[in-house]
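Structural overview
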Amino acid sequence: MDEKKKFVLITGASSGIGRKIAIGLSATYNVVLNGRNFEKIIATKEKCSEINEQIIFIKDLCDINELEEQFSEFIRENNIEISHFVHCAGYMKMVPLKMTTVETINTTFTINIISAALILKILINRKLNNAALKSAVLISSNISNFGAKALSIYGASKAGLDGLMRSLAIELAPKIRINSILPGAVKTEMTESIFDNNETVQRMEATYPLGLGNTNDIYEMVEFLLSEKARWITGQQFTIDGGRTINISG
Amino acid sequence: MEKFNANIAEILEVDKVEMDDELSSFECWDSLTILSIIALSGENYNVTLSAAEVNNAKTVGGLKELIKSKMK
């Protein structure tokens, strides 16, 4: 049987942390770039390394009805195998409980957790992916084990994502390792509304012992967890937040 | 903007509001209430507000005018 080309799938690759991870990984891996906006994904692709291959998978992960069929078809059509998976697609809306709608809850959980579970289901399908998947990293949030005002639904979704990660780490061992990264405040399009307010930024900076982070701080950990250097690590949450969540100074 | 007053009253946890009521005079006025107002203007009027804009609006009437001025 012909050896198929192996790729890393990155969801949410059109901006922010996902874009940085895609560009960084493209230096060593072939990558599949997923996003919903074609122009933004092309902008990511243009910054990727020319040494390796990039393929685009346009799909809004908010719409999961045909996700399994469309993603399976994508793998078949391109005749590829996915060896690594990074789930970066995320939806965050700061909204107090009393203003929370069913739509917000559905969108948050669908993009943050359900899409990741369905994609992993496809990736472990032997017929489709030939047992190629070795490692997955799910981008969670440092809110996962803590709490914050107006972030209850987002926090619940990230805690859920980490729960999915732990159980799958056991279910899919020893062939597949799966871990999550819990970033603190990183300025991206998704968090723009928080960073827009100078007062909030100043207040936040004061609580980060190492200051605020950037997308590269997250990329470095993703690269390590995907690699063979992390061969004995699975089912773990890695908080990358400049010390924010261990800071109990008053 | 028919339901504006009723929606704002609900967010401010009172039975009814007047146009010249000062926003900061409400007992429940805090950062969470401001986020609720930002969510309301986004969901109901497709208007994006910042916390600073909400604070600068000063009164219920000022807030209504602010949202109106940003509606397309």
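Preceding this paragraph is the structure being described.
So, a few notes on the structure that sits alongside this text. (Residues numbered from 1 in each chain as written. Chains lettered and ligands numbered in written order. Predicted model: local features only at pLDDT ≥ 70, side-chain atom pairs only at ≥ 80, totals over all residues. Heavy atoms only, no water.)

1. Considering the overall build of chain B
Looking only at helices and strands, chain B features four helices and zero strands. Element order for chain B, N to C, with α for helix and β for strand: α-α-α-α. In terms of overall dimensions, chain B is globule-like: its C-alpha atoms have a radius of gyration of 11 Å, near the 11 Å expected for 72 residues. With the C-alpha coordinates aligned to their principal axes, the bounding extent of chain B is approximately 30 × 25 × 20 Å. The 72 residues of chain B split such that 43% are buried. The long-range share in chain B, meaning contacts at least 24 apart out of those at least 6 apart in sequence, stands at 54%. Here chain B has roughly 4,200 Å² of accessible surface; of this, 46% comes from carbon and sulfur atoms. Both charge centroids of chain B, one from 7 positive and one from 13 negative side chains, sit 9 Å from each other. (Helix = DSSP H or I, 4+ residues; strand = E, 2+ residues; numbered from the N terminus. Rg over C-alpha atoms; globule rule 2.2 N^0.38 Å. Buried < 20%, exposed > 50% of the residue type's maximum accessible area, 1.4 Å probe, protein only. Contact = heavy atoms within 4.5 Å. Areas by Shrake-Rupley, 256 points an atom, 1.4 Å probe, with all protein chains shown as cover. Lys, Arg positive; Asp, Glu negative; His and termini not counted. Charge placed at Lys NZ, Arg CZ, Asp CG, Glu CD.)

2. Here we look at the nonpolar core
Residue and element names in this part refer to chain A. Ranked by internal contacts, the top residues of the largest apolar core, which has 33 residues, are Phe71 and Phe85. Within the residue set of this core, elements represented by two or more residues are β1 (5–11), β3 (54–58), α3 (67–78), β4 (80–87), α4 (102–123), β5 (135–139) and α6 (152–172). Counting residues per element, this core draws most heavily on α4, at eight residues. Counting 26 residues, the second-largest nonpolar core is a separate cluster that includes Ile21, Ala22, Cys48 and Ile218. (Core = buried A, V, L, I, M, F, W, Y, C linked by side-chain atoms within 4.5 Å.)

3. What about the packing of α3(A) against α4(A)?
All names here are of chain A. One way to put it is that α3 packs onto α4 with a least axis distance of 10 Å and a crossing angle of 40 degrees. Relative to α4, the element α3 lies oblique. You can see that α3 and α4 cross each other, and the crossing is right-handed. Contacts from Leu67, Glu68, Phe71, Ser72 and Ile75 in α3 reach Ser115, Leu118, Ile119, Lys121, Ile122 and Leu123 in α4. A class-by-class count of the residues in the contact of α3 with α4 yields seven nonpolar, two polar and two charged. (Axes fitted to C-alpha atoms, helices over the stretch in contact; angles between N-to-C directions. Parallel < 35°, antiparallel > 145°, perpendicular 65-115°, else oblique. Left-handed = near helix turned anticlockwise from the far one by under 90°. Nonpolar A, V, L, I, M, F, W, Y, C, P; charged D, E, K, R; others polar.)

These results come straight from atomic positions and should not be treated as a statement about function.
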